[in-house]
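Residue-level listing of the chains:
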Amino acid sequence: MKRIECLKRNDLSTLLLISIFMNGFEVGGYQAALLYIGQEYALSSGAQGIMASVELFATMVAPLLLGSLADRIGKKIMLVTFTACRVLSGTIILLATSSWTFAVGIFILGFACSIVQYVAIAGMQDAYPVTRHQRMGFITAMYALGAVIAPLIVGAAINNGWGWKSFFILSIIIFIILTVFLQRTSFAPREHVPDPVTSTEDEASSPVYLKGVFLLCLIMFIYVGVENGFCFFLNGFILDTLQSSHGYLALSLFWLAMIPSRILCGIFARYRHRLIIAAPAGAAFFLALLTTISNEYAAFMIIFLLGFFCGAVYPNVLTYAADFAGGRTATVTAAITVATGIGATIVAAAFGFLQMSAGFRGSFLVLAVLLALDILFAILVTRCNRNS
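Residues numbered from 1 in each chain as written. Predicted model: local features only at pLDDT ≥ 70, side-chain atom pairs only at ≥ 80, totals over all residues. Heavy atoms only, no water.

**Student:** Could you give me a rundown of the overall build of the chain, with the residues and numbers involved?
**Tutor:** Tallying secondary structure elements over the chain gives 14 helices and zero strands in all. Ordered by position from N to C terminus, the α and β elements of the chain give α-α-α-α-α-α-α-α-α-α-α-α-α-α. For the chain, the C-alpha radius of gyration of 20 Å lies close to 21 Å, the compact-globule estimate for 388 residues. A principal-axis box enclosing the C-alpha atoms of the chain has dimensions of 60 × 45 × 40 Å. Counting only residues that meet the buried cut, the chain has 52% of its 388 residues in that class. Taking the intrachain contacts of the chain between residues at least 6 apart in sequence as the baseline, contacts between residues at least 24 apart amount to 86%. Looking at the chain, you have 22 positive and 17 negative side-chain charges, and the mean spots of the two groups are 4 Å apart. (Helix = DSSP H or I, 4+ residues; strand = E, 2+ residues; numbered from the N terminus. Rg over C-alpha atoms; globule rule 2.2 N^0.38 Å. Buried < 20%, exposed > 50% of the residue type's maximum accessible area, 1.4 Å probe, protein only. Contact = heavy atoms within 4.5 Å. Lys, Arg positive; Asp, Glu negative; His and termini not counted. Charge placed at Lys NZ, Arg CZ, Asp CG, Glu CD.)

**Student:** Lay out the pattern of salt bridges with the relevant residues and their values.
**Tutor:** Per the stated rule, a full pass over the model turns up five salt bridges. Note that Lys165 and Glu40 form a salt bridge whose closest N and O atoms lie 3.8 Å from each other. Within this pair, whereas Lys165 is found in helix α7 (residues 165-184), its partner Glu40 is found in helix α1 (residues 2-40), the two being separated by 125 residues in sequence. Residue class for Lys165 comes out partly exposed when judged on its relative accessible area of 25%. Given the relative accessible area of 44%, Glu40 is considered partly exposed. Close ionic contact of Arg272 with Asp323 constitutes a salt bridge, the shortest N to O distance being 2.7 Å. Placement of Arg272 in helix α11 (residues 272-290) and of Asp323 in helix α13 (residues 313-324) is noted, with a sequence separation of 51 residues between them. By relative accessible area, which is 18% here, Arg272 ends up buried. (Salt bridge = Lys/Arg side-chain N within 4 Å of Asp/Glu carboxyl O.)

**Student:** Lay out the side chain of Glu296 with the relevant residues and their values.
**Tutor:** With respect to the helices, strands and loops of the structure, Glu296 is situated in helix α12 (residues 296-311). One buried charged residue, Glu296, remains without a salt bridge, the closest side chain of opposite sign being Arg361 at 12 Å. Once you skip the residues sitting within four places of it in the chain, Glu296 turns out to touch Leu242, Ser244 and His246.

Interpretation note: all reported values are geometric properties and have no functional meaning in isolation.
Right, dumping it as structure tokens:
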């Protein structure tokens, strides 16, 4: 009986976790397949960069256009609709006969991923008000897990002669099944706040705490910008400064380290006021330390530790987002998603020019200094008072 009750309580949580996993899966798979996509469409390195930015741009635009819609029409209809859109995007990508058609498919992919990302997180916060802080660590860990697994599948597909399109065929099949299950599942709250606790009810009807949300947006703007600048150029850093061709392994280690980090953040959510400060502090330290390393194995160890601290930023931001959102969880999560998209686009684009003038080590050091600013914003978040 208890087992059945547990399954009924966590059915929605499972689907939301799978949705976030598939976000990381598709993004990681696309990044891994970009080289082979460029070969098929005869794209230059610059054109491949533009193709990558198409997805980032769509990720930024989506919550700007539809950010508060889920709070008005419901999170279920949004998730079902845009999960189905991911089937559409995959179909366009498979049928594309030119790079322009492919870009349309990738834009729809990025747009749908962005909507699913913030609506699934908001849906988790609404459906599980008692354990929502603990669940944020797990939901963000699923994204990292998807990003770790997808490149391995792409690599296996290429090595076995199936081609990069087989990855998108697999994605389409999963999204068709996921759309059906989301449509059939109720989004009603699975947890009920005990009667004596009235603060949560008051919080649900309270307005958005703009000062706190703004600080969270600043943290994510910087963090995701630094993360994208680092990840896009990590392979080049490993090759240029360490004379190693194993940059792809370093990138996998970076993402892999985020999984235990984010799970631990969920388990120790009650210490989020400390973790939200420690995360950017540790990440900035290890990123700066990486610029002094010349040994490949030492670099890989530092990159793993860097990923561990980077992984803790997002779940701790989301736990505070739940506190500051009032009843508008989708709107607040959408605002944070917009900030991440803008940061990713601006910093990743600027890093290329920075690298040309300062080199990889100098550029990574600049990113470390930029990331250190998040320590200040995190301290301000912990001192926020909704009554101030």
